[in-house]
Amino acid sequence: MPYVDVPDARLYYELHGPPAGSGEALVFAHGLGGNHLSWWQQVPHFRDRFTCLVFDHRGFARSTEATGGAGAAAFADDLRLLLDATGIHETTLVAQSMGGWTCLQFALRWPDRVRRLVLCDTHGGLASDEIEDAFSVGERGERLPPGVHPGAGPRMLAEQPGLHFLYREIDALTSMTGEQRLRTMRAAGATPLAEAATLRMPVQFIWGDEDIVIPPAVLDCVAPHIPRARIARVPESGHSVYFERAAAFNTILDAFLAET
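Residues numbered from 1 in each chain as written. Predicted model: local features only at pLDDT ≥ 70, side-chain atom pairs only at ≥ 80, totals over all residues. Heavy atoms only, no water.

Enquirer: So, the environment of alanine 72: which residues are in play, and what are the values?
Expert: In this fold, alanine 72 is placed in the loop between strand 5 (64-65) and helix 2 (75-86). For alanine 72, the contacting residues outside a window of four places in its chain are Thr184, Met185, Ala187 and Ala188. (Helix = DSSP H or I, 4+ residues; strand = E, 2+ residues; numbered from the N terminus. Contact = heavy atoms within 4.5 Å.)

Enquirer: Can you break down the side chain of threonine 102 residue by residue, with the values?
Expert: By the secondary structure assignment, threonine 102 is in helix 3 (residues 99-109). Among the polar contacts listed, one links the side chain of threonine 102 to the side chain of histidine 57, at a separation of 2.8 Å. Contact partners of threonine 102, with chain neighbours within four places excluded, come to His57, Phe75, Ala76 and Leu79. (Polar contact = N/O pair within 3.5 Å; in protein donor to acceptor, adjacent residues only side chain to side chain.)

Enquirer: An account of the pairing of strand 7 (residues 114-120) is requested, with residue identities and associated values reported.
Expert: The side chains of a regular strand alternate between the sheet's two faces. The element strand 7 is largely enclosed, with a buried count of six among its seven residues. Relative to strand 7, strand 6 (residues 91-96) runs parallel, the two being bridged by six bridges. Pairing of alanine 95 across the sheet is with leucine 119, part of strand 7. Each parallel crossover has a hand, and for strand 6 linked through helix 3 to strand 7 it is right-handed. When strand 7 meets strand 10 (residues 203-208), the two strands line up parallel, connected through four bridges. Its bridge partner being in strand 10, leucine 119 is matched across the sheet by phenylalanine 205. (Buried < 20%, exposed > 50% of the residue type's maximum accessible area, 1.4 Å probe, protein only. Pairing = 2+ DSSP bridges. Right-handed = clockwise from strand over helix to strand, strands pointing away.)

Enquirer: A description of the pairing of strand 10 should follow, citing residues and the corresponding values.
Expert: Most of strand 10 is tucked away, with six of its six residues classed as buried. The alternating pattern of strand 10 places Val203, Phe205 and Trp207 and Gln204, Ile206 and Gly208 on opposite faces, both of which are buried.

Enquirer: Before we move on, can you summarise helix 2 with the specific residues and values?
Expert: With 12 residues, helix 2 extends 16 Å between its outermost C-alpha atoms, agreeing within 8% with the 16 Å of an ideal straight helix rising 1.5 Å per residue. Taken as a whole, helix 2 has its buried residues at Phe75, Ala76, Asp78, Leu79, Leu82, Leu83 and Thr86. Along the axis of helix 2, the buried residues cluster in a sector spanning 155°; they form a single face. Glycine 87 occupies a position one or two residues after helix 2 and carries a positive phi of about 80°. (Expected span 1.5 Å × (residues − 1). Arc of directions from axis to C-beta.)

Enquirer: Talk me through helix 6 (residues 161-171); I want residue IDs and the actual numbers.
Expert: Taken as a whole, helix 6 has its buried residues at Leu163, His164, Tyr167, Ile170 and Asp171. Along the axis of helix 6, the buried residues cluster in a sector spanning 125°; they form a single face. Of the residues in helix 6, the exposed ones pointing more than 90 degrees away from the buried face are Gly162 and Phe165. On its buried face, helix 6 is in contact with helix 5 (154-159), helix 7 (178-186) and helix 9 (241-244).

Enquirer: So what's going on with the side chain of asparagine 35? Which residues, and what values?
Expert: Position of asparagine 35 relative to the elements: it lies in the loop between strand 3 (25-29) and helix 1 (43-46). At 3.0 Å, the side chain of asparagine 35 forms a polar contact with the backbone oxygen of isoleucine 170. Beyond its immediate chain neighbours, meaning those up to four positions away, asparagine 35 contacts His30, Phe55, Asp56, Ala61, Ile170 and Leu173.

Enquirer: Account for the pattern of salt bridges, with residues named and values stated.
Expert: What the rule picks out here adds up to 18 salt bridges. We note a salt bridge from arginine 80 to aspartate 84, for which the minimum N-O separation is 3.8 Å. Of the two residues, arginine 80 and aspartate 84 both sit in helix 2, four residues apart, roughly one turn of that helix. Given a relative accessible area of 41%, aspartate 84 falls into the partly exposed group. Its salt-bridge partner being arginine 113, residue aspartate 84 comes within 2.7 Å of it at the nearest N-O pair. (Salt bridge = Lys/Arg side-chain N within 4 Å of Asp/Glu carboxyl O.)

Enquirer: Describe in detail a negative patch on the surface, supporting the description with residues and values.
Expert: A cluster of acidic residues, Asp129, Glu130, Glu132 and Asp133, forms a negative patch at the surface. With respect to the element layout, aspartate 129 can be found in helix 4 (residues 129-134). (Patch = residues over 30% accessible without salt bridge, like charges linked within 9 Å, V, L, I, M, F, W, Y side chains within 5 Å. Areas by Shrake-Rupley, 256 points an atom, 1.4 Å probe, with all protein chains shown as cover. Lys, Arg positive; Asp, Glu negative; His and termini not counted. Charge placed at Lys NZ, Arg CZ, Asp CG, Glu CD.)

Put into structure tokens, the structure is as follows:
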């Protein structure tokens, strides 16, 4: 199995499609409830045209982290070392939820290596008073009925119970407790919203209209501060558009790649 050793951790990854360096690359960064398998509906769609890199963040699924490791504070550095090891210099980053912290911080620190940035149901940890207020809008995850995974949402369970079951099974491959995951995430810190104005690559937001984890009101706060941002809102979709509405997600990403 392919691994890359980084400080205090070992990262599992997979490459699909043309060899790295032979064409354009897409790098997919999963969320708190996911891992490399989360992108099972994207990799087959894009691998004939792009080198596709999927991986597990440190501590998730097949990746490991030493006790007392840096958690999400090291995610962007981990990604840089992973790209170096796989021979990918410039890439399009596709981030879901927690992966947005990884990819936004990477894009701010090494912009010459990011051709495009895709943020799906994530603000990447950008922070302002306005964003904090936006989190109070709409339903919150703690009000969900029993058995509903917040990353999947009640509609997925009601309309696609098999898909909801698969989402939970993928999530269960990570042995961390909920509290351990939150500690990992808290280590990522926050990025002042003003820094978003320095992004010069095209940025595509893809957001579920029924997202209860990061409400669409957060998108309305963030997008105007990013110079080359575009927005696609997907109806009847929760926090994981790429999983719940994969055909719509892939179509939006296809168009973004073609137009930019």
